[in-house]
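Analysis of the macromolecular model
Below are the chains, spelled out letter by letter.
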Amino acid sequence: MIITRRDRSITVDLAGPHRALSHALGHGGFSTVSTVSWIYVRRADLPMHVDPLALLRDRLAEAGSPDALGFLTARNLDHIHQAARGGVTALATVGLSNALRAGDPPAGPPPGTINVLL
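Before going into details, it helps to say that this report is about the structure given with it. The structure displayed is predicted, hence computed values, not measured ones.

It is worth spelling out the pairing of strand β5 (residues 81-85) at this point. Burial runs low along β5: only 0 of the 5 residues are buried. As paired strands, β5 and strand β6 (residues 88-93) are joined by 5 bridges and run antiparallel to one another. Looking at β6, one finds that Ala84 is bridged to Thr89.

Structural data, given as structure tokens:
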């Protein structure tokens, strides 16, 4: 697993395809992905007329990972948390405004979610 930090994104290269289950706008539900990206957005980036999925796709392309499972987060990426134990690594950004669970259909919530990669 290789973690790359850019100005407004963090991308994790999983070194090959992995099955995923998520609430993410980009590749939500069950999917197969090789990369996972957190894209930092400010609330001002998502006024009512902006399509969150289109914004996510544009930002993933800018980050060089257009096919990544993509999370939007308003959490400062300096505060991404990482832990490892027993061969499992977890990365997370933590906010509290999203009531979706893994497996829920993407609903375009405002940024400010709890996003976890295991």
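So much for the structure itself; the text now carries on.
A few words now on a nonpolar patch on the surface. A cluster of nonpolar residues, Val88, Val94, Ile114, Val116 and Leu118, forms a patch on the protein surface that exposes about 450 Å² of accessible area. Turning to its location among the elements, Val88 is positioned in strand β6. The class for Val88 is partly exposed, based on a relative accessible area of 44%.

Okay, the environment of Ile3 next. Note on placement: Ile3 falls in strand β1 (residues 2-6). Setting aside anything within four residues of it in sequence, one finds Ile3 in contact with Ile10, Thr11, Val12, Gln82 and Leu91.

Looking at the element boundaries, Arg59 is found in helix α1 (residues 52-62). Setting aside its immediate chain neighbours within four residues, Arg59 contacts Arg8, Ile39, Tyr40, Val41 and Asp45.

Calculation criteria
- Residues numbered from 1 in each chain as written.
- Predicted model: local features only at pLDDT ≥ 70, side-chain atom pairs only at ≥ 80, totals over all residues.
- Heavy atoms only, no water.
- Buried < 20%, exposed > 50% of the residue type's maximum accessible area, 1.4 Å probe, protein only.
- Helix = DSSP H or I, 4+ residues; strand = E, 2+ residues; numbered from the N terminus.
- Pairing = 2+ DSSP bridges.
- Patch = residues over 30% accessible without salt bridge, like charges linked within 9 Å, V, L, I, M, F, W, Y side chains within 5 Å.
- Areas by Shrake-Rupley, 256 points an atom, 1.4 Å probe, with all protein chains shown as cover.
- Salt bridge = Lys/Arg side-chain N within 4 Å of Asp/Glu carboxyl O.
- Contact = heavy atoms within 4.5 Å.

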